[in-house]
Amino acid sequence: MSRSPIFSATLQAALLSAISNILAQLIEAYRNKTSAEIDWIPVFQFLMFSIISTPPNFLWQDFLESTFPARLPRKDKSVDGQPLSIRNTLLKFGLDQTVGAVFNTLLFSIYIHSIHMAMPDAPRVTSFTKATGYWMSPGVIDFSAVDLAVVWEAALAEFWTIVVAGVKLWPAVSLVNFTLVKTVEGRNLVGCVAGLGWGVYMSMIAAKA
(Lines give C-alpha, C1' and ligand atoms only; values in the text may rest on other atoms or scores of the structure.)
Protein backbone atom coordinates (compact mmCIF):
# COMPACT_ATOMS: atom_id res chain seq x y z
CA MET A 1 0.00 0.00 0.00
CA SER A 2 1.53 3.30 -1.10
CA ARG A 3 1.82 6.27 1.22
CA SER A 4 -0.33 9.32 0.61
CA PRO A 5 1.51 12.28 -0.99
CA ILE A 6 0.77 14.47 2.05
CA PHE A 7 2.18 11.87 4.44
CA SER A 8 5.37 11.51 2.39
CA ALA A 9 5.73 15.29 2.11
CA THR A 10 5.27 15.72 5.86
CA LEU A 11 7.82 13.01 6.61
CA GLN A 12 10.39 14.67 4.32
CA ALA A 13 9.75 18.11 5.80
CA ALA A 14 9.95 16.85 9.40
CA LEU A 15 13.28 15.14 8.78
CA LEU A 16 14.82 18.17 7.06
CA SER A 17 13.43 20.51 9.71
CA ALA A 18 15.08 18.47 12.46
CA ILE A 19 18.36 18.47 10.52
CA SER A 20 18.19 22.25 10.05
CA ASN A 21 17.79 22.80 13.80
CA ILE A 22 20.73 20.51 14.53
CA LEU A 23 22.85 22.42 12.00
CA ALA A 24 21.82 25.72 13.59
CA GLN A 25 22.93 24.49 17.01
CA LEU A 26 26.26 23.29 15.62
CA ILE A 27 26.83 26.66 13.93
CA GLU A 28 26.03 28.52 17.15
CA ALA A 29 28.37 26.24 19.11
CA TYR A 30 31.14 26.93 16.60
CA ARG A 31 30.55 30.69 16.79
CA ASN A 32 30.51 30.68 20.56
CA LYS A 33 33.38 28.19 20.81
CA THR A 34 31.33 25.89 23.05
CA SER A 35 30.90 22.12 23.03
CA ALA A 36 28.80 20.83 20.14
CA GLU A 37 26.15 19.01 22.18
CA ILE A 38 22.71 18.90 20.62
CA ASP A 39 19.77 20.03 22.74
CA TRP A 40 17.02 17.72 21.46
CA ILE A 41 14.08 19.68 22.87
CA PRO A 42 14.16 22.43 20.19
CA VAL A 43 14.84 19.76 17.56
CA PHE A 44 11.58 18.08 18.52
CA GLN A 45 9.83 21.46 18.58
CA PHE A 46 10.89 22.13 14.99
CA LEU A 47 9.93 18.62 13.93
CA MET A 48 6.49 19.17 15.43
CA PHE A 49 6.14 22.47 13.53
CA SER A 50 6.78 20.70 10.22
CA ILE A 51 4.13 18.12 11.05
CA ILE A 52 1.67 20.97 11.66
CA SER A 53 2.63 23.23 8.75
CA THR A 54 3.33 20.82 5.88
CA PRO A 55 -0.22 19.50 5.22
CA PRO A 56 -1.83 22.95 4.77
CA ASN A 57 1.11 24.05 2.60
CA PHE A 58 0.79 20.92 0.46
CA LEU A 59 -2.95 21.58 0.03
CA TRP A 60 -2.19 25.22 -0.78
CA GLN A 61 0.20 24.23 -3.57
CA ASP A 62 -2.32 21.70 -4.84
CA PHE A 63 -5.00 24.40 -4.88
CA LEU A 64 -2.76 26.80 -6.79
CA GLU A 65 -1.90 24.20 -9.43
CA SER A 66 -5.46 22.96 -9.88
CA THR A 67 -6.83 26.51 -10.09
CA PHE A 68 -4.04 27.92 -12.24
CA PRO A 69 -2.53 24.96 -14.15
CA ALA A 70 1.00 25.49 -15.39
CA ARG A 71 0.30 24.10 -18.82
CA LEU A 72 -2.86 24.52 -20.85
CA PRO A 73 -3.93 22.34 -23.81
CA ARG A 74 -3.08 23.78 -27.20
CA LYS A 75 -5.97 24.93 -29.36
CA ASP A 76 -4.24 23.29 -32.28
CA LYS A 77 -4.48 19.58 -31.39
CA SER A 78 -2.02 18.68 -34.16
CA VAL A 79 0.84 20.34 -32.24
CA ASP A 80 2.47 18.22 -29.55
CA GLY A 81 3.26 19.48 -26.06
CA GLN A 82 1.68 22.05 -23.81
CA PRO A 83 3.18 25.53 -23.46
CA LEU A 84 3.82 27.09 -20.06
CA SER A 85 1.03 29.48 -19.14
CA ILE A 86 2.77 32.75 -18.25
CA ARG A 87 -0.45 34.21 -16.87
CA ASN A 88 -1.12 31.30 -14.53
CA THR A 89 2.52 31.12 -13.47
CA LEU A 90 2.52 34.79 -12.52
CA LEU A 91 -0.78 34.44 -10.66
CA LYS A 92 0.54 31.47 -8.66
CA PHE A 93 3.79 33.26 -7.96
CA GLY A 94 1.98 36.40 -6.78
CA LEU A 95 -0.41 34.50 -4.50
CA ASP A 96 2.36 32.32 -3.09
CA GLN A 97 4.55 35.31 -2.28
CA THR A 98 1.74 37.29 -0.63
CA VAL A 99 -0.99 35.09 0.87
CA GLY A 100 1.32 32.10 1.29
CA ALA A 101 4.18 34.12 2.73
CA VAL A 102 1.96 35.93 5.26
CA PHE A 103 0.35 32.66 6.38
CA ASN A 104 3.65 30.82 6.83
CA THR A 105 5.39 33.70 8.59
CA LEU A 106 2.59 34.18 11.10
CA LEU A 107 2.13 30.44 11.57
CA PHE A 108 5.80 30.00 12.45
CA SER A 109 5.91 32.93 14.87
CA ILE A 110 2.66 31.98 16.58
CA TYR A 111 3.81 28.38 16.96
CA ILE A 112 7.29 29.19 18.28
CA HIS A 113 6.12 31.71 20.86
CA SER A 114 3.24 29.43 21.88
CA ILE A 115 5.39 26.33 22.31
CA HIS A 116 7.96 28.28 24.31
CA MET A 117 5.23 29.65 26.54
CA ALA A 118 3.69 26.17 26.88
CA MET A 119 7.07 24.67 27.84
CA PRO A 120 8.65 27.40 30.00
CA ASP A 121 10.65 24.99 32.15
CA ALA A 122 11.95 22.77 29.35
CA PRO A 123 15.49 21.69 30.33
CA ARG A 124 18.47 21.32 28.05
CA VAL A 125 18.50 17.60 27.19
CA THR A 126 21.46 16.33 25.17
CA SER A 127 20.43 12.67 25.23
CA PHE A 128 18.02 11.71 22.44
CA THR A 129 16.52 8.92 24.54
CA LYS A 130 15.97 11.16 27.56
CA ALA A 131 14.56 13.92 25.35
CA THR A 132 12.07 11.48 23.83
CA GLY A 133 10.99 10.38 27.30
CA TYR A 134 10.69 13.98 28.46
CA TRP A 135 8.68 15.01 25.40
CA MET A 136 6.23 12.14 25.90
CA SER A 137 5.71 12.82 29.60
CA PRO A 138 2.22 14.02 30.62
CA GLY A 139 1.91 17.73 31.29
CA VAL A 140 5.17 18.73 29.62
CA ILE A 141 3.28 20.89 27.12
CA ASP A 142 0.67 23.11 28.76
CA PHE A 143 -1.11 25.20 26.11
CA SER A 144 -3.41 26.64 28.77
CA ALA A 145 -0.40 28.72 29.84
CA VAL A 146 -0.23 30.41 26.43
CA ASP A 147 -1.25 34.07 26.39
CA LEU A 148 -2.49 34.56 22.82
CA ALA A 149 -2.36 38.36 23.07
CA VAL A 150 1.33 38.23 23.98
CA VAL A 151 2.01 35.65 21.27
CA TRP A 152 0.26 37.76 18.62
CA GLU A 153 2.14 40.89 19.64
CA ALA A 154 5.46 39.04 19.41
CA ALA A 155 4.52 37.60 16.01
CA LEU A 156 3.71 41.05 14.63
CA ALA A 157 6.91 42.51 16.07
CA GLU A 158 9.12 40.12 14.09
CA PHE A 159 6.89 39.79 11.02
CA TRP A 160 8.71 42.17 8.68
CA THR A 161 12.14 40.96 9.75
CA ILE A 162 11.25 37.43 8.70
CA VAL A 163 9.46 38.52 5.52
CA VAL A 164 12.40 40.65 4.35
CA ALA A 165 14.78 37.77 5.02
CA GLY A 166 12.49 35.40 3.13
CA VAL A 167 12.47 37.63 0.05
CA LYS A 168 16.13 36.71 -0.45
CA LEU A 169 15.21 33.03 -0.93
CA TRP A 170 11.59 32.11 -1.52
CA PRO A 171 10.75 34.10 -4.69
CA ALA A 172 13.57 32.28 -6.50
CA VAL A 173 12.37 28.93 -5.14
CA SER A 174 8.81 29.67 -6.26
CA LEU A 175 9.92 30.61 -9.77
CA VAL A 176 11.88 27.37 -10.12
CA ASN A 177 8.93 25.37 -8.80
CA PHE A 178 6.27 26.98 -10.96
CA THR A 179 8.29 26.96 -14.19
CA LEU A 180 10.39 23.79 -14.01
CA VAL A 181 8.80 21.36 -11.52
CA LYS A 182 5.59 19.76 -12.75
CA THR A 183 4.16 17.99 -9.68
CA VAL A 184 3.07 19.26 -6.29
CA GLU A 185 5.10 16.46 -4.69
CA GLY A 186 8.20 17.60 -6.55
CA ARG A 187 7.62 21.22 -5.57
CA ASN A 188 7.28 20.23 -1.94
CA LEU A 189 10.61 18.39 -2.11
CA VAL A 190 12.34 21.41 -3.71
CA GLY A 191 10.83 23.60 -1.02
CA CYS A 192 12.03 21.25 1.71
CA VAL A 193 15.58 21.21 0.37
CA ALA A 194 15.63 25.00 0.06
CA GLY A 195 14.05 25.14 3.49
CA LEU A 196 17.04 23.36 5.00
CA GLY A 197 19.03 26.59 4.92
CA TRP A 198 15.96 28.63 5.81
CA GLY A 199 15.34 26.33 8.75
CA VAL A 200 18.81 27.08 10.09
CA TYR A 201 17.98 30.79 10.01
CA MET A 202 14.57 30.27 11.62
CA SER A 203 16.10 28.03 14.29
CA MET A 204 18.40 30.88 15.27
CA ILE A 205 15.43 33.26 15.46
CA ALA A 206 13.50 30.73 17.55
CA ALA A 207 16.42 30.35 19.95
CA LYS A 208 16.20 34.08 20.68
CA ALA A 209 12.40 34.12 21.05
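Provided above is the structure to which this section pertains.
Residues numbered from 1 in each chain as written. Predicted model: local features only at pLDDT ≥ 70, side-chain atom pairs only at ≥ 80, totals over all residues. Heavy atoms only, no water.

Colleague: What should I look at first to understand the pattern of salt bridges in this one?
Modeller: Between side chains of opposite charge, a pair can form when the charged atoms approach closely. Within the structure shown, the criterion is met by 3 salt bridges. Salt-bridge contacts for Arg 187 lead to Glu 65; the nearest nitrogen and oxygen are separated by 2.6 Å. On the criterion of sequence distance, the pair formed by Arg 187 in helix H7 (residues 184-208) and Glu 65 in helix H2 (residues 40-67) is long-range, its members being 122 residues apart. Through salt bridges with shared partners, a single network forms among Glu 65, Lys 92 and Arg 187. (Salt bridge = Lys/Arg side-chain N within 4 Å of Asp/Glu carboxyl O. Helix = DSSP H or I, 4+ residues; strand = E, 2+ residues; numbered from the N terminus.)

Colleague: Would you mind showing me how to read unusual backbone geometry here?
Modeller: Leave glycine aside and you will find that most residues have negative phi; peptide bonds, for their part, are mostly trans. Unusually for a residue other than glycine, Lys 33 sits at a positive phi of about 55°. With respect to the helices and strands, Lys 33 occurs in the loop between helix H1 (5-32) and H2. In this structure Lys 33 comes out as exposed when scored by relative accessible area, which is 77%. (Buried < 20%, exposed > 50% of the residue type's maximum accessible area, 1.4 Å probe, protein only.)

Colleague: Even after reading the chapter, I still don't get the packing of H1 against H7, so can you show me in this structure?
Modeller: When two helices pack together, you describe them by how their axes are tilted relative to each other and by the distance separating the axes. Two numbers describe how H1 lies on H7: the axes approach to 7 Å, and their chain directions differ by 25°. As far as their axial angle goes, H7 and H1 are roughly parallel. Where H1 crosses over H7, the two elements pack in a sense that is right-handed. Residues belonging to the contact of H1 with H7 are distributed by class as follows: 14 nonpolar, 6 polar and 3 charged. (Axes fitted to C-alpha atoms, helices over the stretch in contact; angles between N-to-C directions. Parallel < 35°, antiparallel > 145°, perpendicular 65-115°, else oblique. Left-handed = near helix turned anticlockwise from the far one by under 90°. Nonpolar A, V, L, I, M, F, W, Y, C, P; charged D, E, K, R; others polar.)

Colleague: What exactly am I supposed to notice about the layout of surface pockets here?
Modeller: If a probe as big as a water molecule is rolled over the atoms, it shows which places are left empty. If you add up the space inside the largest pocket, you get close to 980 Å³. What lines the largest pocket is a set of 37 residues, and nearest its centre among them are Asn 57, Asn 104, Trp 170, Gly 191 and Trp 198. Taken together, the elements giving at least two residues each to the lining of the largest pocket come down to H1, H2, helix H3 (86-118), helix H5 (148-167), helix H6 (170-180) and H7. At 9 residues, the largest contribution of residues to the lining of the largest pocket is made by H7. Classifying every residue of the lining of the largest pocket gives 17 nonpolar, 18 polar and 2 charged. Taken as a whole, the second largest pocket encloses approximately 520 Å³ of empty space. As for the second largest pocket, its lining consists of 29 residues, of which Gln 25, Asp 39, Pro 42, Arg 124 and Ala 207 are closest to the centre. Where the lining of the second largest pocket is concerned, the elements lending two or more residues are H1, H2, H3 and H7. Looking at which element gives the most residues to the lining of the second largest pocket, the answer is H1, with 7 residues. (1 Å grid on protein atoms, 1.4 Å probe; cavity = no way out; pocket = protein on both sides within 12 Å on 5 of 7 lines; lining within 4 Å. Points joined across faces, edges and corners; volume = space filled by probe spheres on them.)

Colleague: What is the right way to read the packing of aromatic side chains from this model?
Modeller: Each pair of aromatic rings is reported with the distance of its centres and the angle of its planes. This model, assessed by the stated rule, comprises 10 aromatic pairs. When the ring of Phe 44 is compared with that of Phe 128, the centres are 5.6 Å apart and the planes differ by 85°; the resulting orientation is edge-to-face. One end of the pair, Phe 44, is in helix H2; the other, Phe 128, is in helix H4 (residues 128-136), with 84 residues separating them in the sequence. With a relative accessible area of 12%, Phe 44 lands in the buried category. With relative accessibility at 46%, the residue Phe 128 sits in the partly exposed group. (Phe/Tyr/Trp six-rings, centres within 6.5 Å; stacked < 30°, edge-to-face > 60°.)

Colleague: Just to check I follow, could you spell out the nonpolar core for this structure?
Modeller: Phe 108 and Met 202 are the most contacted members of the largest nonpolar core, which has 23 residues in total. Of all the secondary structure elements, the ones that give two or more residues to this core are H2, H3, H4, H5 and H7. Per-element tally for this core: the top contributor is H2, with 6 residues. Residue contacts for Met 202: discarding those within four places in its chain leaves Phe 46, Phe 108 and Ile 162. (Core = buried A, V, L, I, M, F, W, Y, C linked by side-chain atoms within 4.5 Å. Contact = heavy atoms within 4.5 Å.)

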